[in-house]
Amino acid sequence: MEHDSSARARALLSFLAAVAFAALVPPAAQAAGFALEEGSARGNVNPASLMSGAGATEPGALYFNPAAITSLPGTQVELGVSCVRPEAEVLAVSPYTGERLVGRAHRKVWTLPTAYVTHQLSDELWFGFGAFTRYGLGANFPRTWAGRYGNYKAEILSMDFAPQLAWRVSDRLSLAAGLSIRYFDIELAQRLDAAGMYGLRSYNDPAWSPYDIDQNLHGDDIRPALDLGLSWRITDELTFGAAYHSRIQFKVRGDAKWDKPPAVAAMAPGAFRDMPFRARNYNPDKLMAGLTWQATERLALSGGITFTTWRLYDDLLIKLDGEMLPGRSELASQKKWHDAWRASVGADYALDEHWTARCGYTWDQSPINGAYADYLVPGDNRGIFALGLGWSGEDWAFEGSYFYEYVEDYRVHARVRSGVYDGRYQNAQGHCLAFSATRRF
C-alpha cells in the first residue's frame, strides 16, 4: 500500500510538472554546474536587490529571499517567463588517428516559466507560494557525434512547489521559513562501442560504427527542501538580507534501456537487457546574501553573493537491478566537483514614479573539476551582463530584461575508457529575454 501511495504521488507531481512546464527542458549553459538562477525578469538583472529584500515590489522576490515578501501588501500574483538560447561546441582529438573532431550542441530556445502568489494574512504574517525551477540541464548533441561514447543527451528537469510563511518581527526585521517540494527528473543517453567491446576494433574509437548500442537511463524522485530567509533594514538607506535553501538527496529510480543492433543481439543475446535502476543524486545547499544601499532618492545600488556546496556531487553511481554484462551491475563516473561562488552587482534607477531602469553584472564560478571534466555540463567560469526596465502602477506591474552570458573555454582531458578525448569546450555563450506581469488585489 505504501508503494502504491508513493507511485500515485510521483505520478501526480509528474503530471503537474508536465502541465506547468510543458515547454521546459532547462539549458546547460545558464549557471555554474546544473543550477539555474532565472527566478524572475527583475532578478535576472539584479538578483542582489531581491536577496536583500530592499524595495521588493514583486512576488518573484520569494525565489531569492522569502522574507522579502513582507513588503507586499494585499494579494499579488506574478507570472513570468525567461527565454534562453545557449550555444556551445566541443573540439576534440581522436586518440587513434589524431583527427580533429568538432561537435556542436543543438541550438534551441528554451523557456523557463515561473509563477508566484503572495497574500498578507495580518499586519505581521504573509503567505507566499511559488512554482519555479532551481536546477536543470539540457546538453543535447547528435546521436552520431564523436563524443557519443561519453554522452549525447543529458537532461535534468526539476520543479519546485514552494509554500512559504514570512513574519514581520518589527518595522526593520522580517524572517521567513518554508518548504520547496521538488520534483527531479533525469535522463542520460550515450552510445556503447560494442565493436570495441568485443575486440573488433580499438575501444571507443570515435569513428562511425554500425555496432553501437544505444543506452538510455531515465528516472525521477520527489523530496522536500527547507527554505529560510531574513531581511534587515539596518538604516533607512541600508538593507541586508540572507536566505538558505537546503540540500536534497534524491533517491532516483527508473528504467535502464539498451537498443542493440541485430548483429550485437545475436552475438550476446543475454546482455544489455532492459531493467530498473536506482541512483543517488544531490542538489546542493545554497546560501544567498545581499546588501542594498539607497544612494539617492532615485538610485539604489546592490551587491550579493551565493555559495553553493557542489562538493556533494562527488560521483555518479547507478546501480542496476541485474547485470548488463556478466559481473557488471553498476555504472559509475567520478565528478569530484568543488564548492562554488556567484557574485553580482547591480543598480536600479527610478526614471519617474512609474518607470525604473536596471543594470547588473554577475560572475559565476564553475564547480567542475578539470581532471574529471566530460561532456555532460558545458562551460567553465562565466560572466553575465544584464539590462532591464520595469513599469509599476497601482494595480499592475511589468518587467522586461535581457542578458548576455559569456563562458570561458575549458580543457577536457582524455579518459578514453569513458568516451572522453583530449580537447576543450569553446565558444559557449547564451542570450536570455525575460518578461513578467504582476497583478495586485
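Structural notes, computed from the coordinates. (Residues numbered from 1 in each chain as written. Predicted model: local features only at pLDDT ≥ 70, side-chain atom pairs only at ≥ 80, totals over all residues. Heavy atoms only, no water.)

## Side note on the overall build of the protein chain
And step 1. On a plain count of helices and strands, the protein chain comes out with five helices and 21 strands.
And step 2. On C-alpha atoms alone, the protein chain measures out to a radius of gyration of 23 Å, which is about the 22 Å that the 2.2 N^0.38 rule sets for 441 residues.
And step 3. Counting only C-alpha atoms and orienting by the principal axes, one finds that the protein chain spans roughly 75 × 55 × 30 Å.
And step 4. Considering the protein chain as a whole, with its 441 residues, one finds that 53% of them fall into the buried category.
And step 5. A sequence separation of at least 24 residues applies to 71% of the contacts in the protein chain between residues at least 6 apart.
And step 6. Per element, the accessible surface of the protein chain, about 18,600 Å² overall, is 58% carbon and sulfur.
And step 7. Distance between charge centres in the protein chain, computed from 43 positive and 49 negative side chains, equals 6 Å. (Helix = DSSP H or I, 4+ residues; strand = E, 2+ residues; numbered from the N terminus. Rg over C-alpha atoms; globule rule 2.2 N^0.38 Å. Buried < 20%, exposed > 50% of the residue type's maximum accessible area, 1.4 Å probe, protein only. Contact = heavy atoms within 4.5 Å. Areas by Shrake-Rupley, 256 points an atom, 1.4 Å probe, with all protein chains shown as cover. Lys, Arg positive; Asp, Glu negative; His and termini not counted. Charge placed at Lys NZ, Arg CZ, Asp CG, Glu CD.)

## Observations concerning empty space enclosed by the protein
And step 1. Throughout the structure, instances matching the rule amount to eight cavities of 30 Å³ or more.
And step 2. In this structure, the largest cavity occupies an estimated 160 Å³ of space.
And step 3. What lines the largest cavity is a set of 17 residues, among which Y313, K335, W337, L376 and V377 lie closest to the centre.
And step 4. Residue classes in the lining of the largest cavity are distributed as 14 nonpolar, one polar and two charged. (1 Å grid on protein atoms, 1.4 Å probe; cavity = no way out; pocket = protein on both sides within 12 Å on 5 of 7 lines; lining within 4 Å. Points joined across faces, edges and corners; volume = space filled by probe spheres on them. Nonpolar A, V, L, I, M, F, W, Y, C, P; charged D, E, K, R; others polar.)

## Topic: a nonpolar patch on the surface
And step 1. A surface patch of nonpolar side chains, about 570 Å² in accessible area, is lined by L121, L125, F127, L165, W167, V169 and L175.
And step 2. Every element with two or more residues in the nonpolar patch is listed here: β4 (125-132) and β6 (153-168).
And step 3. The topology assignment puts V169 in the loop between β6 and β7 (173-193).
And step 4. A relative accessible area of 35% means that V169 is categorised as partly exposed. (Patch = residues over 30% accessible without salt bridge, like charges linked within 9 Å, V, L, I, M, F, W, Y side chains within 5 Å. Salt bridge = Lys/Arg side-chain N within 4 Å of Asp/Glu carboxyl O.)

## Description of the nonpolar core
And step 1. Core analysis: the largest hydrophobic core is formed by 60 residues, its most contacted members being F34, W258, F272, F277, L320, Y375 and Y425.
And step 2. Among all residues touching F277, those that are not within four sequence positions of it are L217, H218, G219, V252, R253, G254, D255, A256, I318, K319 and L320.
And step 3. Residues A56, Y63, Y116 and A176 belong to the second largest nonpolar core, which totals 18 residues. (Core = buried A, V, L, I, M, F, W, Y, C linked by side-chain atoms within 4.5 Å.)

## Looking at the pattern of salt bridges
And step 1. Enumeration according to the criterion identifies 25 salt bridges in this entry.
And step 2. In this structure, R278 and D321 form a salt bridge, with 2.8 Å as the shortest nitrogen-oxygen distance. Here D321 lies in the loop between β14 (315-320) and β15 (330-334) and R278 lies in strand β11 (residues 275-283), a separation of 43 residues in the sequence.
And step 3. Judged by relative accessible area, which is 39%, D321 ranks as partly exposed.
And step 4. For R342, the salt bridge is made with D364, and the minimal N-O distance between the two is 2.9 Å. Of this pair, R342 sits in strand β16 (residues 340-350) while D364 sits in strand β17 (residues 355-364), and the two are 22 residues apart along the sequence. Here the two residues R342 and D364 agree in accessibility, since each one is buried.
And step 5. Through salt bridges that share partners, R143, R148, R191, D212 and D214 make up one connected network.

## Overview of the packing of aromatic side chains
Each aromatic ring pair is described using two quantities: the centre-to-centre distance and the angle formed by the ring planes.
And step 1. A full pass over the atoms with the stated rule returns 21 aromatic pairs.
And step 2. Arranged with centres 5.8 Å apart and planes meeting at 90 degrees, the rings of F34 and Y313 form a pair that is edge-to-face. Residue F34 is located in the loop between α1 (2-20) and α2 (47-52), and its partner Y313 is located in the loop between β13 (299-308) and β14; the two are separated by 279 residues in the primary sequence. Each member of the pair, F34 together with Y313, is buried.
And step 3. Three or more aromatic residues link up through ring pairs in this structure, and these residues are F34, Y135, W310, Y313 and W337.
And step 4. The ring of Y63 carries the charged tip of R134 above its face, separated from the ring centre by 4.3 Å.
And step 5. The ring of F441 is capped by R439, whose NZ or CZ atom sits 4.7 Å from the centre of that ring. (Phe/Tyr/Trp six-rings, centres within 6.5 Å; stacked < 30°, edge-to-face > 60°. Lys NZ or Arg CZ within 6 Å of the ring centre and 35° of its normal.)

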